[in-house]
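# Observations on chain architecture
Read off the chains here:
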Amino acid sequence: MELITNVTEYEKLAKEKLPKMVYDYYASGAEDQWTLKENREAFSRILFRPRILIDVSHIDMTTNILGFNVSMPIMIAPSAMQKMAHPEGELATARAAASAGTIMTLSSWSTSSVEEVNSVGPGIRFFQLYVYKDRNIVRQLVKRAEMAGFKAIALTVDTPRLGRREADIKNRFTLPPHLVLKNFEALDLGTMDKTNDSGLASYVAGQVDRTLSWKDVKWLQTITSLPILVKGVVTAEDTRLAIEYGAAGIIVSNHGARQLDYVPATISCLEEVVREAKGRLPVFLDGGVRRGTDVFKALALGASGVFIGRPVLFSLAVDGEAGVRKVLQMLRDELELTMALSGCTSLREITRAHVITDADRIGRSRL
């Protein structure tokens, strides 16, 4: 295999290796896929203002996330059904995250259970939660995650209905017959029916609670002592409400551009959320990160860290645990180099003054 020199190269190799239905499920976005492209392109419009003649012989990338020390501000986002990519699925991803000294977030719709993921050994892990219509299922799932040593709940709030993912409709996407949604297997909710469109869309319509509202964030706090991250906030208004309702953190996310098309890129929403948060809770970025330079840009705009999704899936498909390890190492190495070339020796030295955005350029043109 040709030497892989950056994260993006894994996608092409994964496309060659995976069945079309699986690759399309991982890679595609909603409707016209404008936001899918914009999640990447928006990063390219943010430019650097590097500082020079600073001693960068030692670079410290360690940080603290919700009280947990991690090796770098790059964490793994929840991605469903990872055994479609590789037989070891989420177990390989969990091992890779632990070896890199960072956090993995397990999807509710994983093909390995919370208990199985816990069994791979020590590691800091968060659990992503979809709220089902049957709240007893939610109670059980959260309790199981707690018992399995998960350290936080990432509540997905942008999916009262599944976005229109036309690739999945064309492919009549469903979970391959040898796999189940392991966390729901004992509840007879672990499989999807084959339908004339997307089997996942039908599953969501049948199970996920469309009445989910802010009061349910409070309700969750009554059933768990774990901190709750609200995943899917993109506006100042919802930032205010997240704080009001006791969220421990915010993940700025548009669900990998898989829900509402023509929302801005997450990196374009980040600063609005950070300004409203005013340091009262940490804000994280999810979506479009493919380079260490992207990570630096997110940190400069106020993020406490970033989550990566598709790079994990594609590297997992190509080379299992070793692939995920390599993606994490490449992003780490690129971030370290970006920091050195920008004159930053620690994460706290990365400031808003290190980047120029479209808004900055417009502001300067008016002066």
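Residues numbered from 1 in each chain as written. Predicted model: local features only at pLDDT ≥ 70, side-chain atom pairs only at ≥ 80, totals over all residues. Heavy atoms only, no water.

- As recorded in an unreviewed UniProt entry, the chain goes by (S)-2-hydroxy-acid oxidase and comes from Urochloa decumbens.
- What UniProt states about the chain under its Cofactor (unreviewed entry) heading is, verbatim, "FMN".
- Heading Catalytic activity (unreviewed entry) of the UniProt record for the chain holds this comment: "glycolate + O2 = glyoxylate + H2O2". (UniProt positions renumbered as here; feature names shortened; annotations may be inferred.)

### Some details on the overall build of the chain
- Helices and strands together make up the secondary structure of the chain, namely 14 helices and 12 strands.
- Relative to a compact globule of 367 residues, whose C-alpha radius of gyration would be 21 Å, the chain shows 20 Å and is just as compact.
- Considering only C-alpha atoms, the chain reaches an extent of 60 × 50 × 40 Å along its principal axes.
- Here the contacts in the chain between residues at least 6 apart in sequence split such that 73% fall between residues at least 24 apart.
- Positive and negative side-chain charges of the chain, numbering 46 and 43 respectively, have mean locations separated by a distance of 2 Å. (Helix = DSSP H or I, 4+ residues; strand = E, 2+ residues; numbered from the N terminus. Rg over C-alpha atoms; globule rule 2.2 N^0.38 Å. Contact = heavy atoms within 4.5 Å. Lys, Arg positive; Asp, Glu negative; His and termini not counted. Charge placed at Lys NZ, Arg CZ, Asp CG, Glu CD.)

### Overview of unusual backbone geometry
- Positive phi, close to 45 degrees, is recorded for Glu31, a residue that is not glycine.
- With respect to the helices, strands and loops of the structure, Glu31 is situated in the loop between α2 (20–27) and α3 (34–44).
- On the accessibility criterion, Glu31 (40% relative accessible area) is partly exposed.
- Backbone geometry at His255 places phi at a positive 65 degrees, although glycine is not the residue there. (Buried < 20%, exposed > 50% of the residue type's maximum accessible area, 1.4 Å probe, protein only.)

### A few points about the pattern of salt bridges
- Summed over all chains, the structure comprises 23 salt bridges.
- One salt-bridge network, held together by shared partners, links Glu38, Arg45, Asp358 and Arg361. (Salt bridge = Lys/Arg side-chain N within 4 Å of Asp/Glu carboxyl O.)

### Brief notes about the nonpolar core
- One finds Trp109, Leu129 and Ile267 to be the most contacted residues of the largest nonpolar core, which totals 105 residues.
- No other element matches helix α13 (residues 310–342), which puts 13 residues into this core.
- In this structure Leu129 touches Ser108, Val138, Leu141, Val142, Ile153, Ala154, Leu155, Thr156 and Leu220, once residues within four positions along its chain are discounted.
- Core analysis: the second largest hydrophobic core is formed by 13 residues, Ala77, Ala152, Ala154 and Leu229 among them. (Core = buried A, V, L, I, M, F, W, Y, C linked by side-chain atoms within 4.5 Å.)

### Some remarks on the packing of aromatic side chains
- Within the structure shown, the criterion is met by 10 aromatic pairs.
- Both rings, one in Phe284 and one in Phe307, keep their centres 5.8 Å apart while their planes meet at 80 degrees; by these two values the pair is edge-to-face. Of this pair, Phe284 sits in strand β10 (residues 283–286) while Phe307 sits in strand β11 (residues 305–308), and the two are 23 residues apart along the sequence.
- With a relative accessible area of 3%, Phe307 lands in the buried category.
- One aromatic cluster is present, built from ring pairs that chain together Tyr25, Tyr26 and Phe173.
- Lying across the ring of Phe48, Lys297 places its NZ or CZ 5.3 Å from the centre. (Phe/Tyr/Trp six-rings, centres within 6.5 Å; stacked < 30°, edge-to-face > 60°. Lys NZ or Arg CZ within 6 Å of the ring centre and 35° of its normal.)

### A word on helix α11 (residues 266–277)
- Along its 12 residues, α11 runs 16 Å from first to last C-alpha, staying within 8% of the 16 Å computed at 1.5 Å per residue.
- For α11, the full list of buried residues reads Thr266, Ile267, Cys269, Leu270, Glu271, Val273, Glu276 and Ala277.
- Lys278 lies just past α11 and shows a positive phi near 50 degrees. (Expected span 1.5 Å × (residues − 1).)

### As for the side chain of Ser315
- Take Ser315: it is sitting in helix α13.
- A distance of 2.8 Å separates a polar atom in the side chain of Ser315 from the backbone oxygen of Pro311.
- Filtering out sequence-adjacent residues up to four positions away, Ser315 remains in contact with Tyr10, Gly320, Gly323, Val324 and Val327. (Polar contact = N/O pair within 3.5 Å; in protein donor to acceptor, adjacent residues only side chain to side chain.)

### Looking at the pairing of strand β9 (residues 249–252)
- Neither face of β9 is left uncovered, since the one carrying Gly249 and Ile251 and the one carrying Ile250 and Val252 both have all their residues buried.
- As paired elements, strand β8 (residues 228–233) and β9 share four bridges and run parallel to each other. Counterpart to Val233 in the pairing with β9 is Val252.
- The pairing of β9 with β10 spans three bridges and is parallel. By the bridge assignment for β10, Ile251 is matched with Phe284.
- Chirality of the crossover, the property in question, places the unit of β9, α11 and β10 among those that are right-handed. (Pairing = 2+ DSSP bridges. Right-handed = clockwise from strand over helix to strand, strands pointing away.)

### Comments concerning the packing of helix α6 (residues 135–147) against helix α9 (residues 214–223)
- The contact between α6 and α9 brings their axes to 10 Å, and the two run at 50 degrees. Taken as axis vectors, α6 and α9 run oblique relative to one another. As for how α6 packs across α9, the hand of that crossing is right-handed. Taken together, the residues of α9 that come into contact with α6 (itself represented by Arg135, Val138, Arg139, Val142, Lys143 and Glu146) are Asp216, Trp219, Leu220 and Ile223.
- For the contact of α6 with α9, a count of residues per class yields five nonpolar, no polar and five charged. (Axes fitted to C-alpha atoms, helices over the stretch in contact; angles between N-to-C directions. Parallel < 35°, antiparallel > 145°, perpendicular 65-115°, else oblique. Left-handed = near helix turned anticlockwise from the far one by under 90°. Nonpolar A, V, L, I, M, F, W, Y, C, P; charged D, E, K, R; others polar.)

### Some remarks on helix α4 (residues 89–100)
- With 12 residues, α4 ought to run about 16 Å at 1.5 Å a step, and its terminal C-alpha atoms sit 17 Å apart, in line with that.
- Taken together, the buried positions of α4 are occupied by Gly89, Glu90, Leu91, Ala92, Thr93, Ala94, Ala96 and Ala97.
- At its buried positions, α4 is contacted by β4 (74–76), β5 (104–106), α5 (114–118), β6 (125–129) and α13.

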